[in-house]
Amino acid sequence: MLPLRWGKRSEFEGGRSKINCKTIPVAERFFTSSPSVSLRQAAWYPSEIDEPHLVLLTSDNTIRFYGLKSPQTPAKVLSVSQSEDDNSVHPPARSYAASLGEIAVAFDFGPISAPPRQLPAQVSKEQLVYPLYILYENGETYVTYTSKVNGINLSKPVGPLPMYPAAEDNYGYDACAILCLPCIPSILVIATETGTLYHCVVLESEEEEDTRAVEKWIRGTEAVPALYVFECVELELTLKVATGEDEETQEFDFTCPIRLHRDSLCQHRYHCTHEAGVHSVGLIWVNKLQKFLKSDEEDKDSLQELAAEKRCIVEHILCTRPLLTSQSAPIRGFLIVSDLALGATMICITSTYECILLPLLSSIRPPSPPLLCSHPGLGSASSPLRGLADDSFEQHIRNILARSSTNPLVLKAGDKDTSPPPPEMSHVKAGE
């Protein structure tokens, strides 16, 4: 815990050269007595007015809530095992569940909302809840609802949430991360180790005769939530190498875990960190989707036309592994800050624990005010040259400033003896 800030420049402890920070070990007793259990993810409970709670997902398919006042005793324990027997947590059962991909790998909280009618009686209908989305390695997503009234209240995880349109491979395997963007409606980002990102819109599912996918729901008057896959994005984790005309392009299977990070400055943008660098993804279709859902149009098939019209923007910001022959150099830390001196800045800590500050110059930002040429004054005569151009002057300027590709900052890790030869590096080109 960092000390307080005060003084003219709002520095820690008024600007002292050395400050003392307090550390609180959480669940130290549990991990010491359970060496076979590992930590998969840790996140803060989203409530800002109540006592801070740290949420831990462990390899035994359990989510534990720890308060800072009692950091060694969990305030709540939630089993997220897909097995009917929640007590089957011994090693043989975990190995069998892992072979089927029924291991929870990530979770994320959604924005606060009113509880759905399907909720059991242990959660009051009057209090607001946070949906907690749980992702499994096989690509399935479950949801539970949490609240902090007289302690932490949890509903039983239900799912898997149906995904539309249906896919034979259930939209891939090796899922590794999930992120809920604070939009209305909620947008879930599901990442796989192959570099595939699925942008799913959380909406009410339609009533169907086949209810096996949601058989664990307590049916009510409202439809159960479903994930509508709006688009699929494939990241290029390593850079492309230019080949000659007679040479065939070599394709390699490179997989690595991906971590997803929110952007505190823009809710329609998020960032991906992995062993090969940093990618930024901006969803430019969110505003148009919200207008479509607010309209009276009932033809939901036009969503596909909307998806084909505008795709997301992917920017390759930092590349720490240019080639497959390069050594792995994962990003250790990542943060987006907005400072008066630095502006919108991306802070990255590399595998060698070097701190890199990059200006956040992205195509995804709040809309700029319109140009004066877009709204001419009353009685103003239009220029005769305007009729010679097919597009407006504003669109002409936007076309000039638009970029079709981004060249990342390349950091070559490793020793000089193990680094790739210069001729190979000279043929590297960015393919975003």
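Residues take numbers from 1 onward in each chain, read along the sequence in its written order. Only residues with pLDDT of at least 70 are given local features in this predicted model, and only at 80 or more are side-chain atom pairs given and counted; all residues enter the totals for whole chains, interfaces and linings. With hydrogens and water stripped out, all remaining heavy atoms of the structure feed into the side-chain values.

1. A word on the overall build of the chain
Note the cut-off: Counting from the N terminus, the helices are the DSSP runs of H or I reaching at least four residues and the strands are the DSSP runs of E reaching at least two. Only protein chains enter the accessibility calculation, which uses a 1.4 Å probe; a residue whose area is less than 20% of its type maximum is buried, one above 50% is exposed, and one in between is partly exposed. Residue contacts follow a heavy-atom distance rule, with two residues in contact if any of their heavy atoms lie within 4.5 Å. Residue-level accessible areas treat just the shown protein chains as cover; the underlying method is Shrake-Rupley with a 1.4 Å probe.
Of regular secondary structure, the chain possesses six helices and 25 strands. Buried positions account for 42% of the 432 residues belonging to the chain. For the chain, the proportion of contacts with a sequence separation of at least 24, taken over those separated by at least 6, is 56%. Of the roughly 25,500 Å² that the chain leaves accessible, carbon and sulfur atoms contribute 52%.

2. Remarks on the sheet that holds strand E22 (residues 343–349)
Here is the rule: Any two strands between which DSSP finds at least two bridges are classified as paired. The axes used here are C-alpha line fits, helices contributing only the stretch in contact, and every angle between their N-to-C directions lies in the interval 0 to 180 degrees.
Overall, antiparallel pairing links the three strands, which are arranged E21-E22-E23 in an open sheet. Two strands lie at the open edges of the sheet, namely strand E21 (333–339) and strand E23 (355–359), each paired on one side alone. The sheet shows a mean angle of 25° between the axes of neighbouring strands, taken without regard to direction. When E22 meets E23, the two strands line up antiparallel, connected through five bridges. Bridged to isoleucine 349 within E23 is cysteine 355.

3. Overview of the side chain of serine 186
The topology assignment puts serine 186 in the loop between strand E12 (175–181) and strand E13 (187–192). Here serine 186 is in contact with Pro111, Cys180, Leu181, Cys200, Val201 and Val202, once residues within four sequence places are set aside.

4. A closer look at helix H3 (residues 286–294)
Our working rule: Of all possible arcs, the one meant is that of the directions from the helix axis to the C-beta atoms.
What H3 keeps buried is the set Val286, Leu289, Gln290 and Phe292. The arc enclosing the buried residues of H3, seen along the axis, measures out at 160°, which places them on a common side. In H3, the exposed positions that point more than 90 degrees away from the buried face belong to Lys291 and Lys294.

5. Observations concerning the packing of aromatic side chains
Going by this rule: Each Phe, Tyr or Trp ring, with Trp reduced to its six-membered ring, pairs with another whose centre is within 6.5 Å; inter-plane angles below 30 degrees give stacked pairs, above 60 give edge-to-face pairs, and intermediate values give tilted ones. In this analysis the charged atom, NZ for Lys or CZ for Arg, is taken to sit over a ring once it is within 6 Å of the ring centre and within 35 degrees of the ring normal.
Tallied over the entire structure, the rule returns eight aromatic pairs. Seen from their ring centres, tyrosine 45 and tyrosine 130 are 5.7 Å apart, and the 75° between their planes marks the pair as edge-to-face. Here tyrosine 130 lies in strand E8 (residues 130–136) and tyrosine 45 lies in the loop between strand E3 (39–44) and strand E4 (53–58), a separation of 85 residues in the sequence. Exposure remark for tyrosine 130: the relative accessible area of 15% places this residue in the buried category. Seen in terms of ring centroids, phenylalanine 107 and phenylalanine 109 are 6.2 Å apart; in terms of plane orientation they differ by 90°. Their pairing is edge-to-face. Three or more aromatic residues link up through ring pairs in this structure, and these residues are Tyr45, Phe65, Phe107, Phe109 and Tyr130. Sitting over the face of the ring of phenylalanine 12, arginine 5 holds its NZ or CZ atom 4.0 Å from the ring centroid.

6. Focus: the environment of valine 229
You can see valine 229 is positioned in strand E15 (residues 225–234). Placed 65 residues apart in sequence, valine 229 and tyrosine 164 show a C-alpha to C-alpha distance of 6.1 Å. Discounting chain neighbours no more than four positions away, the residues touching valine 229 are Met163, Tyr164, Pro165, Tyr171, Tyr198, His199 and Cys200.

7. Thoughts on unusual backbone geometry
Each neighbour pair has its own omega, and for tyrosine 164 with proline 165 the value is -10°, a cis peptide bond. Residue position: proline 165 is located in the loop between strand E11 (163–164) and E12. For the bond from isoleucine 184 to proline 185, the omega torsion is 0°, close enough to zero to count as cis. Within the fold, proline 185 resides in the loop between E12 and E13. A positive phi is found at glutamate 13, a non-glycine position, where the angle reads about 50°.

8. Focus on the pattern of salt bridges
Note the threshold: By definition, a salt bridge exists where a carboxyl oxygen of Asp or Glu is found within 4 Å of a side-chain nitrogen of Lys or Arg.
A full pass over the atoms with the stated rule returns four salt bridges. In this structure, the salt-bridge partner of aspartate 108 is arginine 262, at a minimum N-O distance of 2.7 Å. Taken together, the residues span a long stretch of sequence, with aspartate 108 in strand E7 (residues 104–109) and arginine 262 in strand E17 (residues 259–262) at a distance of 154 residues. On the basis of relative accessible area, arginine 262 is assigned to the partly exposed category, the value being 38%. Between arginine 269 and aspartate 263 there is a salt bridge, with its nearest N and O atoms 2.5 Å apart.

9. Concerning the nonpolar core
The cut-off we apply is this: We call a set of buried Ala, Val, Leu, Ile, Met, Phe, Trp, Tyr and Cys residues a nonpolar core when their side-chain atoms join them within 4.5 Å.
Ranked by internal contacts, the top residues of the largest apolar core, which has 28 residues, are Leu197, Leu260, Tyr270, Leu283 and Trp285. Looking at this core, the elements that each hand over two or more residues are E12, E13, strand E14 (196–204), E15, strand E18 (269–274) and H3. Top element by residues in this core is E12. It accounts for four residues. Leucine 283 has contacts with Leu181, Ile187, His199, Glu231, His268, Tyr270 and Cys312, leaving out every residue within four places of it along the chain. With 21 residues, the next largest nonpolar core counts Tyr133, Tyr171, Ile178 and Ile190 among its residues.

10. Here we look at the confidence of the model for the chain
Put simply, the test is: Predictor confidence is given residue by residue as pLDDT, running from a minimum of 0 to a maximum of 100.
Chain-level statistics for the chain give a pLDDT mean of 76 and a share of 66% at 70 or above. Within the chain, the lowest mean pLDDT, 50, falls on strand E25 (residues 428–429), and the highest, 95, falls on E7. A low-confidence stretch, residues 209–223 stays under pLDDT 50, and its non-local contacts, those more than four residues away or across chains, total 33 contacts. In this model residues 415–419 is a low-confidence stretch, pLDDT under 50, and it forms two contacts with partners more than four residues away in sequence or in other chains.

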